[in-house]
Amino acid sequence: MQKTDFVAIKNKIYEEITINGPNFSSALAIKLGIPSLFASALFSELVNEKKLKVSCIKAGESPLYYVEGQETKLENFVGYLTEEQQKAYKLLSVKKLILDDSERVEIRYALRNLKDFVVPLKVRSSDSERLFWKWYKVSNDEVMSTIRKIMIKQVSINEGRKTNFRRKNLKS
C-alpha cells in the first residue's frame, strides 16, 4: 500500500489557490489526483487553520475556496449561483444598498445567502430597527447618507399617517 504525504498535498492545494485563484474542491481533487473525500478533509483543515476561506458559491455540493484578498475574483463564479441569487446579486451590484423589507421575499432570501457579496447593516432609530444590505465593495461612509434619507422618509411617512388619522378623528 502506497503512503500518501497529506502535508505535501495540503501545501499543494494552498499553493494552487494562492497562485491560480478561487477553485472548487472537486476540481482540485481531480487535478491533484486524490480522492474527493481526502480533498474535503484537507480543505477543511486549511479552513480551520485560516489559510483558506469557503465561499457561498457551490458547483453541485463542491464549495468554492479562496484565500483572503481574492474576494473580487469570486465574481467570476456568479454563474454558479441560483437564478434568484443572480437576480439579487445584479440588483445589489447596481443599487449598492437595499432596504430589506422593501424587496420581494425571493430577493430577501437570496440576499441572506449571498454572504460573499453582501454586508448586512442593522440600523436603529429611536423606535425601530431596519435591515439594509450593502454591496461588499461599498464603504459604510458611502451609504450612510442614503440610509439617513430612507430613515427620515420612513419617519416622515409614519408621522404623516398619524397626523392624517388624528385629523379625521378630530373632524368627526
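Our subject in this report is the structure included herewith. (Residues numbered from 1 in each chain as written. Predicted model: local features only at pLDDT ≥ 70, side-chain atom pairs only at ≥ 80, totals over all residues. Heavy atoms only, no water.)

In total, this model carries 16 salt bridges according to the counting rule given. Across the pair lysine 87 and glutamate 84 runs a salt bridge whose closest N-O atoms are separated by 3.4 Å. Of this pair, lysine 87 and glutamate 84 both sit in helix 4 (residues 83–95), separated by three residues, roughly a single helical turn. We classify lysine 87 as partly exposed; its relative accessible area is 38%. (Salt bridge = Lys/Arg side-chain N within 4 Å of Asp/Glu carboxyl O. Helix = DSSP H or I, 4+ residues; strand = E, 2+ residues; numbered from the N terminus. Buried < 20%, exposed > 50% of the residue type's maximum accessible area, 1.4 Å probe, protein only.)

Our next topic: the pairing of strand 2 (residues 53–59). Sheet analysis places strand 2 next to strand 3 (residues 62–66), joined by four bridges and oriented antiparallel. From the neighbouring strand, lysine 58 faces strand 3, where its bridge partner is proline 63. (Pairing = 2+ DSSP bridges.)

Turning to the environment of lysine 50, a few remarks are in order. By the element assignment, lysine 50 lies in the loop between helix 3 (36–48) and strand 2. On the basis of relative accessibility, which here comes to 73%, the residue lysine 50 falls in the exposed class.

It is worth spelling out the sheet that holds strand 2 at this point. Judged by pairing direction, the sheet is antiparallel, and its three strands sit side by side in the order 1-3-2 without closing on themselves. Looking at which strands have only one partner, the edges of the open sheet turn out to be strand 1 (23–24) and strand 2. Of the pairings in the sheet, the one linking strand 1 to strand 3 comprises two bridges and is antiparallel in character. From the neighbouring strand, asparagine 23 faces strand 3, where its bridge partner is tyrosine 65.

So, about unusual backbone geometry. In the Ramachandran plot, lysine 50 falls in the positive-phi region, its phi being about 65° despite a non-glycine side chain. For lysine 96, which is not glycine, the phi dihedral falls at a positive 75°.

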